[in-house]
Amino acid sequence: MTPIDDVITLLSLSLTSMTPLLLASTGEILTEKSGVVNIGLEGIMILTALTSAIITNYTGNPYLALLVSSAVGLAIGMLMGYLSSYLHSNQIVVGTGINMLALGIATLTLYRLWGEYGGSPSVGKLADLQLPIGNAILTLKPISVVAIGLAIASWFLLEKTTWGLRIRACGENPHSAEAMGVNVYRTRLLLTGIGGAYTGIAGSFLVVNWVGFFSREMTSGRGFVALANVSFSNWHPLTAILGAFLFGFFEAFATWLSLKVQQVILPEYLTFLRTSGQSLFKAFPYLATLVTVVVIMKKVKMPRALGKPYIKE
Amino acid sequence: MVKEPLVRLENISKIYPDGVKALDNVSLEVYPGEILGLLGENGAGKTTLMRILYGEIKPSSGKIYIRNREVVFHGPWDALKHGIRMIYQHFSLIDEFTVIENMHLFMSTINRKVTIDETRRKAEELLKTLGFQIPLDEPVGRLPIGVQQKVEIVKSLVTGAEVLILDEPTSVLNPIEIEELFRLIRTLREKHVSIIFISHKLREIKELTNRVVVLRKGRIAGEAETANIDESTLAKMMIGEELHMLNQAGKTSVNNRSKEILVLENVQVKGDKEQSTLKGISLKIHCGEVVGVVGIQGNGQKELAEAIIGLRKPIKGRILFEDEDITGLSVEERLKKGISFIPESRKIGLVGEMDVSANVLLTNHVFLTNRFGIIMTRELENLSVKVMKDYEVLAASPRVLVKHLSGGNQQKIMTGRELVKNPKLLIAMEPTQGLDVKSAQQIRQLLLDHRSKGGAVLLISSDLEELLLLSDRLVVMFNGRITAEGTPNEFTVEKIGLCMGGSC
Amino acid sequence: MNGKVHVMRKLLENFTSRKREYGLALLEISLSILLSLTITAGIMILMGYPSELSLAAYTVIFAKGFDNASYLFSRASPLILTALAFLYPALTGMFNIGGEGQLYVGAIASLVTALYTGSSLLALIAGGLAGAALGMVLALLRVYRNVNEVVAAIMINWALFNISMFVIATYLTDPSIPHLTKQVPDSAKLPVVDLGIIRLNTSFLVALASAIGGAYLFYRTKLGFAMRVSGLNPNASLIAGFENKKLMLTSFALGGGMAGLGGSILVLGIVHRLDTMMMSLYGYGFLGIGASLLGRNNPVGVVVSSIFLSGLLIGGQWIETRLGLPHQVADLIIGIIVISLAIPFAYHYMKTFFRVRRK
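In short, a report on the structure.

Cut-offs and rules
Residues numbered from 1 in each chain as written. Chains lettered and ligands numbered in written order. Predicted model: local features only at pLDDT ≥ 70, side-chain atom pairs only at ≥ 80, totals over all residues. Helix = DSSP H or I, 4+ residues; strand = E, 2+ residues; numbered from the N terminus. Rg over C-alpha atoms; globule rule 2.2 N^0.38 Å. Contact = placed C-beta atoms within 7 Å. Buried ≥ 20, exposed ≤ 12 C-beta atoms within 10 Å, placed from the backbone. Nonpolar A, V, L, I, M, F, W, Y, C, P; charged D, E, K, R; others polar. Axes fitted to C-alpha atoms, helices over the stretch in contact; angles between N-to-C directions. Parallel < 35°, antiparallel > 145°, perpendicular 65-115°, else oblique. Left-handed = near helix turned anticlockwise from the far one by under 90°. Pairing = 2+ DSSP bridges. Core = buried A, V, L, I, M, F, W, Y, C linked by C-beta atoms within 7 Å.

## Some thoughts on the overall build of chain A
Scanning chain A for helices and strands turns up eleven helices and two strands. Taken from the N to the C terminus, the helices and strands of chain A come in the order α-α-α-α-β-β-α-α-α-α-α-α-α. Since a compact globule built from 313 residues should have a radius of gyration of about 20 Å, the 20 Å found for chain A is in line with a globular shape. Overall, the C-alpha framework of chain A stretches about 70 × 45 × 35 Å when taken along its three principal axes. In chain A, of all internal contacts separated by at least 6 residues, the share reaching a separation of at least 24 is 81%.

## Description of the overall build of chain B
The number of helices and strands found in chain B is 17 helices and 20 strands. By the compact-globule yardstick of 23 Å for 504 residues, chain B fits well, its C-alpha radius of gyration being 25 Å. For chain B, the residues scored as buried account for 42% of the 504 residues in total. Sequence-distant contacts in chain B: of pairs separated by 6 or more residues, those separated by 24 or more amount to 68%.

## Quick look at the environment of Glu-96 of chain B
All names here are of chain B. You can see Glu-96 is positioned in the loop between β6 (84-87) and α3 (99-110). Assessed through the 18 C-beta atoms surrounding it within 10 Å, Glu-96 is described here as partly exposed. Distance from Glu-96 to Ser-330, taken between C-alpha atoms, is 34 Å for residues 234 residues apart in sequence.

## So, the interface of chain B and chain C
If you look at the interface, chain B gives 25 residues, while chain C gives 18 residues. Breaking the side of chain B that touches chain C down by element, the ones donating at least two residues are α10 (331-337), α11 (346-349), α12 (356-364) and α13 (377-390) of chain B. Looking at the side of chain B that touches chain C residue by residue, the classes come out as 13 nonpolar, eight polar and four charged.

## Details of unusual backbone geometry
The general pattern is negative phi for most residues beyond glycine and trans for most peptide bonds. Residues and elements named next belong to chain B. One non-glycine residue, Asn-266, lies in positive phi territory at about 50°. Its place among the elements puts Asn-266 in strand β11 (residues 260-269). Residue Asn-266 is classed as partly exposed on the basis of its C-beta count, with 13 C-beta atoms lying within 10 Å. Positioned with a positive phi, Asp-323 is a non-glycine residue whose angle comes to about 65°. Its place among the elements puts Asp-323 in the loop between β14 (316-321) and β15 (324-325). By the C-beta count within 10 Å, which is 9 here, Asp-323 ends up exposed.

## Remarks on the packing of α12 of chain B against helix α14 (residues 407-419) of chain B
Residue and element names in this part refer to chain B. Between α12 and α14, the shortest axis-to-axis distance is 9 Å and the interhelical angle comes to 45°. Our classification of the angle between α12 and α14 gives oblique. The hand of the α12/α14 crossing is right-handed. Here Val-356, Asn-359, Val-360, Thr-363 and Asn-364 of α12 come into contact with α14, specifically with Ile-413, Arg-417 and Glu-418. Taken together, the residues of the contact of α12 with α14 sort by class into three nonpolar, three polar and two charged.

## Things to note about the interface of chain A and chain C
Bring the parts together and some accessible area is lost; that lost area is often taken as the interface size. In this complex, chain A contributes 42 residues to the contact, which on the side of chain C involves 43 residues. When residues of the side of chain A that touches chain C are traced back to their parent elements, those giving at least two are α4 (91-114), α9 (222-232) and α11 (278-296) of chain A. Ranked by the residues each element gives to the side of chain A that touches chain C, the list is headed by α4 of chain A, at 15 residues. Residue classes in the side of chain A that touches chain C are distributed as 25 nonpolar, 14 polar and three charged.

## Concerning the sheet that holds strand β4 (residues 61-66) of chain B
Residues and elements named next belong to chain B. Overall, antiparallel pairing links the four strands, which are arranged β2-β1-β4-β5 in an open sheet. Each edge of the sheet is formed by a strand with only one pairing partner; in this case those strands are β2 (21-30) and β5 (69-71). Looking at each pair of strands side by side, their axes are set apart by 25° on average, direction ignored. Of the strand pairs in this sheet, β4 and β5 are connected by three bridges, and their pairing is antiparallel. Looking at the pairing, Ile-64 lines up with Val-71 of β5. The strands touched by helix α1 (residues 46-53) within the sheet are β1 (7-15), β2 and β4, with β1 carrying the most contacts at an inclination of about 120°.

## Let's talk about the nonpolar core
Ranked by internal contacts, the top residues of the largest apolar core, which has 336 residues, are Ile-196 and Ile-427 of chain B together with Met-155 of chain C. At 17 residues, the largest contribution of residues to this core is made by helix α7 (residues 149-171) of chain C. With sequence-adjacent residues up to four places away left out, Met-155 of chain C is seen in contact with Phe-224, Ala-228, Tyr-286, Thr-289 and Leu-290 of chain A.

## What to know about the packing of helix α1 (residues 3-33) of chain A against helix α8 (residues 184-211) of chain A
All names here are of chain A. Interaxial distance between α1 and α8 falls to 7 Å at its minimum, and their mutual angle equals 170°. Classified by the angle between their axes, α1 and α8 sit roughly antiparallel to one another. Here the contact of α1 with α8 is built from residues that sort into 13 nonpolar, nine polar and one charged.

## Overview of the sheet that holds strand β12 (residues 278-286) of chain B
All names here are of chain B. Spatially, the four strands line up as an open sheet ordered β12-β11-β14-β15, and their pairing is antiparallel. Across the chains shown, the open sheet's two edge strands, defined by having one partner strand only, are β12 and β15. Strand direction decides the pairing type here: β11 and β14, joined by five bridges, are antiparallel. Along β14, the bridge assignment pairs Gln-268 with Lys-316.

Set out below in C-alpha cells:
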C-alpha cells in the first residue's frame, strides 16, 4: 500500500469517526447556547443506536430507523429539558442518571429480544458513496454530509436569525431575556430536545451507516468527546466541524496504527503492541482529546448562565 | 381642561402568603404627557405597585384600567402590549450583546415580523429626534452606566412606549449624567410619553416632576402638584415621624493626640471599573473615631473597604495598622489583628444554607479554633447565643438556617457578629440596610457605643443622613479619589453634592 | 465529664431540631425508591416481560440480596469509598466524576506495592496516594486551566481504563493463569475479623473509618468548615479569609484518595487479584455517585445507601441465576432512583402541600 492509500484510508476513517461527534456536538451547542448542559449524550446515543438496530431489524428500512431515532432523541432531550427548566433539577445529576439508565435499559431490551447480552444481529445499512482517488477509494458516508450541512445550518440559525438571538439570550442572561419577553423555560425545553434529536441521528448513524449492528460498547465515550468538542470549538458550530474532524482523526489514527502494527516488522521489545498493547491505542484518542482541551481551554468563552438553573422570581 | 387618565389603578392591595401587607387600597392615576413622581422610603411599596402595573405581580385585589377599559395582566407581555415599559435599577440588558442586538431582541417580542435592519433604522431615527448618539454596535457591557441607561430607555421607546416607569434611575448616575437624564425625560414628555419617576430623593422629585404621590407603609400618604408643595412637607409625608436624636453624649471631638489606628499611604487598587479604581488614597483613622465615606456607589468605596480587609491587594502604596505594615497580610491574619468587615450585601456576607452559629463562626473562626484546627463548639455556642441576645435576633435557636430568617434579622447577625468581638477597627458597609427604623437606630447606637469604648469605625453608607449623624469626620469619594475631607459641620449639602460629582 | 454530657446534649438537640428535616429526607428517599420500583416494573412490562416476573424479581432481590451480612458489608465497602470520593468534593461544591479512574490507579498501585513489599499497610497507603494524586490532577486542570472537570474526568477514566488494561496484561499477569494477575501475598491480604455474630472484613472497617473520619473533618474542624462554606458560597468564603483555590485542590485530593483507597481494599481484601478484562474493577466509580446522591450528601447516609445499593446489586445477580433475567434490572432501578432524586422541586411541592394541610 502506498502512502497515498494510507492517507485516503485515514481520511475516510476520520470522516466517519467525525460524523457522530459532529452531530452530537452541534446539537449540544444549540442546547448549551440556551443555557442547559446535557451530559446525558452518551446515554441518548446508546438508546437511539439500539432503537435503530431494532427498527431496521424488524422493518428492513434504515431511513425509518433514522427518523424514529431522532424522535427518541428528541423525547429524551425534552425530558431532560423539562426536568432542568421547569423543575429546577441539577443538570449534571440528571444527565448522569440518564447515562446510568441507558445501559441498563439497553441490556434488558437486548436480552428480551435476542437473548444476547453483547449485541444485536446485523442489520441493513445505508449505502456509502465510493469515490475512487488514484488506486484507493475514499468512502464518504451520506450522513457525514448531512452532519456538515446541519452544522452550517445551525450556525446560521444561531448567529444570523432573530430566533438565534432569543436563544442566545437565554444562555447569557435568562433574567434579562425573560424581562424582554423571551419564554426562557420553553426555549430551553425545545433546544434541549433538538440537541437530543441531533444526538439521536448520531446514535442511529453508528448502526445504520457504520458498523451495521448494535453492541453495548459501541459508544465508548463518544458522547463525552462531543462535550469536549463543544467547549473546544468555543460554542461555534463551524469550528465544531474542525474539532470533530480532529477528534475523529485521533480515533482513526489509533485504529489505523493498531492495524499497521500487525503488518510491519517490529523490533522485539515492541511486539507487545500487537497484543496487550492494543489497549494503548484505544487510550490514545482520549488522551489526545484531553491534552488538546487543556491546551486551548484558557481562551474560550462559555455562555454565562450555562448549567445554572433559572428560577423565576 | 380635564384630561382622561391614561392609566388608572383602583384600590390595589397586595398581601403576600406570609401575611405581609405590601399595599393597602392604593389608587393612582397617570395622565398622558406628565411626569409623575412616586416618593417613599425603602419598603413603602413603590416598586411593588409599579410591578403590579407592569404585570410582573398580580394584585390581591383591585383593578387596572387603561384608557378606561379594565385590563388583567397575566405577565409583563400583556403590559408591554399596552405600551407600558419599566426600567429597573438593575437593567435588563444582556452585556455580551451589542446595543442593537438588545434592542432587536426586545423588538422581536413586541413584533415578530420586524427585521434587525428595520430595528436599526427605527433606532437611528429615534436617536436623531432625541438629540444624542449611542454606538449601536458596541457590546452593552462595555458602555458606561449612564449610556447603558440611555440604551434601556431608547430600547423601550423604539418599540412604542406610552408609559415609562423609571425605578430609582439616578442611583447609579453621576450629577452630569443626572442632568442629561432629566433633559431626556423632559423631551419625552414633550413627545407625549408619560413618565412615572420612582425615587426617595426629595430634590429630584421637586426639580423634575409635575405631580407627586407619596407612599408610606403601603398606603397613600399624600398627593400634590409639585409646584405647590415644598421638600420638608414631602419629607414629613414620607417618613411620618420625627427621628429621635441619637445619644451623642460622649461624642467628644477627636483631638490630634488620639492614636492613629489605620493609615493608608497613597494606596492604588484596581477596581471593577475604571471609575472605581483607587488612584492614590491617603487616609488616617484614629481610635474612638467614626469616619464616614460619602459617595455614589461605584466610585471606589467597595475597593477601599476590600483593600483594608485584605480582599484586594494594592498595586502601590502601603496600609499601616497600629504602626505595622499589613499590606501583604492575608484576610485571616488581618482578622486576627482585630480588623472586622461588614460587607455590603447579605448574599456575600452570609451562607443561607448554614445555621446562625455557623455564620457567627464565619468571621470568628480565628478565635474559636484550637491549635489542632478543631472548632471549639462550646465557645461557639456561647458566642452565638450572646449575639442573638444582644442584637435581638428573632430565631428559635442558633440552629435555625439563616435563609429562613427575615432580611432584618440577617443584617443583625452580620453586624452583631462583628461588634461582639470589639474589633479595633470596624469597616461597616451599609450596616443598617433593610432594617426598620427602630432596629436601625439600635445599630447606630451600638456603633456609637463602640466608638465611645475606643473602637474605630469606617462607615460606608448611601444614607447621607446616617453619615452626617454618626461621623466625626467625613470623606467624600469620587472616581477613586478623595475629593473632600472634614467634619460634618464644615460641609453644606451642596458642597457634598458637588464633591460627590467631582466638581470641587 | 462535663464536656461529654454537653456533647451528648448538643447531639440530641441537633437531632431533635433537625428531626423534621431528617424525616422529610427519609420520606423523599422512600418515595424515590418506590417510584423507581414502579417505573422499572412498568418498563419491564412494556418490553414484553410477563408482569408477575417483576414482582418475583423484586422478591428475590430483597430476600437474597440482604441475607448474607458479611458478604453484603464487604461488597459494600469499595462502594462506600467511591461514594465518599464523590461526596467530599461535592461538599466543597465540585463534581468528582473521576472516581472510576482513581480507583483503577489505587488498585494497581496497591497490587504492585503488595507484590513488592508484602505489607498491607504500605499497599493501602500507596493506593490512597495514587488516587489522591490523580484527583489533584483534575483539580489543577480545573483551577489553573479552567478545564471542565466533568469532561476531563471522563477522558481520564476512559484513558485509564485502557491503560490499566495494558499494564495488567503486560506486566502483572500470572504466568500460569494468563487472564489473571498474580495474587496478593497472604501477608498483605486484609484479614477478616470474627465478632461472633458476624464476620467482618477489615475492608469494611477501613471504609467505615473513612466515613466517620470524613464526617468529623467536615463538621468539627476548621478545614472542613472552610470547604463547606467554599462550596455553598464562594464569596462568603473569601470574607471569612479562606482560600478557595486551595480548598478545591484539597477536596479533590481527599476525594481521589478515597477512591484510591477503594481500589486498594478491593484488591487487598476482596478479590485479591485483578483480571485483564477489568471486570473486577469496573463500575464502582459511577455507582458511587449514585450512592452518594442516595445518601443525601451526608457521610453516614452514604454508608447506609451503599449497603442498600450493594444489596440491590447482589440481589440482581441472584435473579439472574434464579429467574434467568439479566441483572441489569438492578441497574435500571438504581438509575431511576438517581434521576428522581435530582428533582428538588418535586419534593418542595410536597413539602408545601403537607404544610398547608397541617394548617
